[in-house]
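Summary of the model geometry
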Amino acid sequence: MLSGRRIVLGVTGGVAAYKAAYLARRLVEAGATVRCVMTEAAAEFLGGQTLAAITGDHPIEGFWDEADVSPHTDLGQWAEALVIAPATAATIAKLAVGLSDNVLLATALATEAPVVVAPAMHTEMWDNPATRRNIATLQNDGRIIVGPATGALAGGDSGRGRMAEPEEIVAELAAVLQGDLQGVRVLVTAGGTREAIDPVRYIGNHSSGKMGNAVALEALRRGAIVTLITSARPPVEGGIEVIEVESAQEMAEAAWERAPLVDIAIMAAAVADFRPKIVEGEKLRRSDGIPSIELEPTPDILGGVAASPDRPFLVGFAAETGSLDGALHKATTKGVDLLVANDVTKQDSGFATDTNEVTIYTPDGAAAHLPLLSKREVAAILWDRIRESRSQG
Ligand SMILES: Cc1cc2nc3c(=O)[nH]c(=O)nc-3n(C[C@H](O)[C@H](O)[C@H](O)COP(=O)(O)O)c2cc1C
């Protein structure tokens, strides 16, 4: 699967740098062409000659000492994937803010290829809030994080922070380059709808669209052709067809038109259940007294897709407050293949956060509860579940 693929291996200055030599060897054995970049600190841990002997090419260590006048742009354009293993806390922090003061960081900025990051550090460094923030930023930027694993660390310590094994990194690279959703057509809805009261005001909700964006980006990373219908801010990354809507009616029309054309539909938007029956033509004024606003139901978008004859594999989302009983009911009665439920009253979960704690239901009512994870991690697990369900169905 990696035969003939062009991989840039970036090595940073942690004890696990010695494992980068083994990783390089596994990549070469798998048929990849490997070029290496080392940070100054990495060269303290691993001799460049070792990587040169394994890959057949001298690693690049500095901007100015190479025959190549612009090593970072050349490498960035050449790479089909960049893997940084091990990735120190320092390099992860620099990647998160977009610094480019060494060839490896500059290559990461200059490339459009997927970037796989394998962190390695002591548990305290991994658990530090700064590292947690930086990792979440990288995930939101679409970087793929592999590991770290739990086990023996340098200095006789043990805990989480050990670099993922080279075999695991090779497998992740193969998945990234192959893309398990290659050519699959995917529709995602995101954001909270706005139901107009008058030309100024609306009934809305707190949805930020972040969960739907994460689902769309993960599908893109896996090779899908993605359409995102959203009432929120779409991802800044290119490659996704974005249809912007505002109300439940607009979202329903767009979703019902697109759903029969796709293989998988993920309905992650927080759609209003009710809307004002009459939208005032002019702004309601305080001087006219307290208005009485009669509501009517909005279209049932999920139900409409589930009932369509060419229905795609269908995943619904349910935002609940407190009990998840409503989500369980929805999973077993709505005609979905999977239902993702979350309690939006929980801290760090639900609307506008970068993390989410969800339960994934199947139509028979079976539930899989996930811990609090970044929305990107939730999206990755959800796509793994979808792949399993589709292969069984
Ligand atoms: C013996 C030793 C071991 C180290 N191991 C790690 C490590 O495993 N992970 C890490 O994040 N930093 C580690 N560091 C600190 C990094 O080497 C340091 O932050 C350096 O600036 C990283 O630079 P780089 O990311 O550009 O390679 C270690 C330092 C020393 C002296």
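Residues numbered from 1 in each chain as written. Predicted model: local features only at pLDDT ≥ 70, side-chain atom pairs only at ≥ 80, totals over all residues.

1. Some points on the overall build of the protein chain
Test applied: By definition, any uninterrupted DSSP run of H or I lasting at least four residues is a helix, any uninterrupted run of E lasting at least two residues is a strand, and each is numbered from the N terminus. Field definition: a residue is buried when 20 or more other C-beta atoms are found within 10 Å of its C-beta, exposed when 12 or fewer are, and partly exposed for counts in between, with C-beta atoms placed from the backbone. C-beta atoms are first placed from the backbone for all residues, and any pair lying within 7 Å is then listed as a contact.
Summing up its helical and strand segments, the protein chain has 14 helices and 21 strands in all. Considered along the principal axes of its C-alpha atoms, the protein chain spans approximately 80 × 50 × 40 Å. Here the protein chain, with 393 residues, has 45% of them falling under the buried criterion. Taking the intrachain contacts of the protein chain between residues at least 6 apart in sequence as the baseline, contacts between residues at least 24 apart amount to 66%.

2. Overview of the sheet that holds strand β3 (residues 81-87)
Threshold: Whether two strands pair depends on DSSP finding at least two bridges between them.
Strand order in this open sheet of five strands is β2-β1-β3-β4-β5, and the pairing throughout is parallel. Strand pairing shows two members of the sheet lacking a second neighbour, β2 (33-38) and β5 (144-145), which therefore form its edges. When strand β1 (residues 6-11) meets β3, the two strands line up parallel, connected through four bridges. In the strand pairing of β3, G10 is matched with I84.

3. A closer look at the nonpolar core
Threshold: Core membership is restricted to buried Ala, Val, Leu, Ile, Met, Phe, Trp, Tyr and Cys residues, and these are joined into a nonpolar core through C-beta atoms within 7 Å.
Formed by 60 residues in total, the largest nonpolar core has its most connected members in V186, V188, V215 and M267. Broken down by element, the residue count for this core peaks at seven residues, all from helix α10 (residues 210-221). The contact partners of V215, leaving out residues within four places of it in the chain, are V188, I266, A268, A379 and L382. Counting 57 residues, the second largest nonpolar core, distinct from the first, contains A17, L27, I60 and I135.

4. Some words on the sheet that holds strand β12 (residues 241-244)
Put simply, the test is: Each axis is a line fitted through C-alpha atoms, and for a helix only the stretch in contact is used; angles between axes span 0 to 180 degrees, taken between their N-to-C directions.
The eight strands are arranged β12-β11-β8-β13-β16-β17-β19-β20 in an open sheet whose pairing can be described as mixed. Unpaired on one side and paired on the other, β12 and β20 (367-369) mark the two borders of the sheet. Strand-to-strand twist of the sheet, defined as the mean angle between neighbouring strand axes without regard to direction, takes the value 15°. Where strand β19 (residues 358-361) and β20 come together, three bridges link them in antiparallel fashion. Counted as the bridge partner of I360 is A368 from β20.

5. Quick word on the environment of T33
Relative to the assigned elements, T33 resides in strand β2. Taking the C-alpha atoms as reference, T33 lies 44 Å from A341; in sequence the two are 308 residues apart.

6. Remarks on the pairing of strand β17 (residues 338-343)
Worth spelling out the cut-off: For the handedness criterion, the strands are oriented away from the viewer, and a crossover whose path from the first strand over the helix to the second runs clockwise is classed as right-handed.
When you tally the buried positions in β17, you get five out of six residues, the bulk of the element. Note: strand β16 (residues 313-320) against β17, six bridges, orientation parallel. Residue pairing in the sheet places F317 in a bridge with V340 of β17. Following the chain from β16 across helix α13 (residues 325-333) to the adjacent parallel β17, one finds a crossover that is right-handed. Note that β17 and β19 share four bridges and pair antiparallel. By the bridge assignment for β19, L339 is matched with Y361.

7. Details of the domain arrangement of the protein chain
Our working rule: Just so you know, the domain bounds were taken from an automatic or database domain assignment. Note on residue classes: Ala, Val, Leu, Ile, Met, Phe, Trp, Tyr, Cys and Pro are nonpolar, Asp, Glu, Lys and Arg are charged, and everything else, Gly too, is polar.
Assigned domains within the protein chain: domain 1 (6-178) and domain 2 (185-392). For domain 1 versus domain 2, the separation of C-alpha centres amounts to 36 Å. Residue composition of the side of domain 1 that touches domain 2, grouped by class: two nonpolar, three polar and no charged.

8. Quick look at helix α11 (residues 248-258)
The line we're drawing: Taken from the helix axis, the directions to the C-beta atoms give the arc we talk about.
When α11 is considered as a whole, its buried residues turn out to be A248, M251, A252 and A255. End-on view of α11: buried residues confined to an arc of 100°, all on one side of the axis. The inward-facing, buried residues of α11 abut β8 (185-190), β9 (195-196), β11 (225-230), β14 (274-276) and α12 (301-307).

9. Structural notes on the packing of helix α1 (residues 17-29) against helix α3 (residues 48-55)
Applied cut-off: Working rule for angles: under 35 degrees goes down as roughly parallel, over 145 as roughly antiparallel, 65 to 115 as roughly perpendicular, anything else as oblique.
Interhelical geometry of α1 versus α3 gives an angle of 10° and a closest axis separation of 9 Å. One way to sum up the angle between α1 and α3 is to call them roughly parallel. Touching A21, A24, R25 and V28 of α1 are T50, L51, I54 and T55, all from α3. Broken down by class, the residue content of the contact of α1 with α3 amounts to five nonpolar, two polar and one charged.

10. Points about the packing of helix α4 (residues 71-78) against helix α6 (residues 103-110)
So the rule is basically this: Should the near helix be turned anticlockwise from the far one by less than a right angle, the crossing is left-handed, and should it be turned clockwise, the crossing is right-handed.
Their axes nearest at 8 Å, the elements α4 and α6 cross at an angle of 50°. On the basis of the axis angle, α4 is oblique to α6. The two elements α4 and α6 meet at a crossing, and its hand is right-handed. Taking contact as the criterion, the partners of P71, H72, T73, L75 and G76 in α4 are, on α6, V103, A106, T107 and A110. Considering only residue class, the contact of α4 with α6 consists of five nonpolar, four polar and no charged.

11. Considerations on the pairing of strand β13 (residues 264-267)
Here β13 shows a buried face lined by I264 and I266 and a second buried face lined by A265 and M267. Where β8 and β13 come together, four bridges link them in parallel fashion. Along β13, the bridge assignment pairs V188 with I266. Bridging between β13 and β16 involves four bridges; their strand directions are parallel. Bridged to I266 within β16 is V315.

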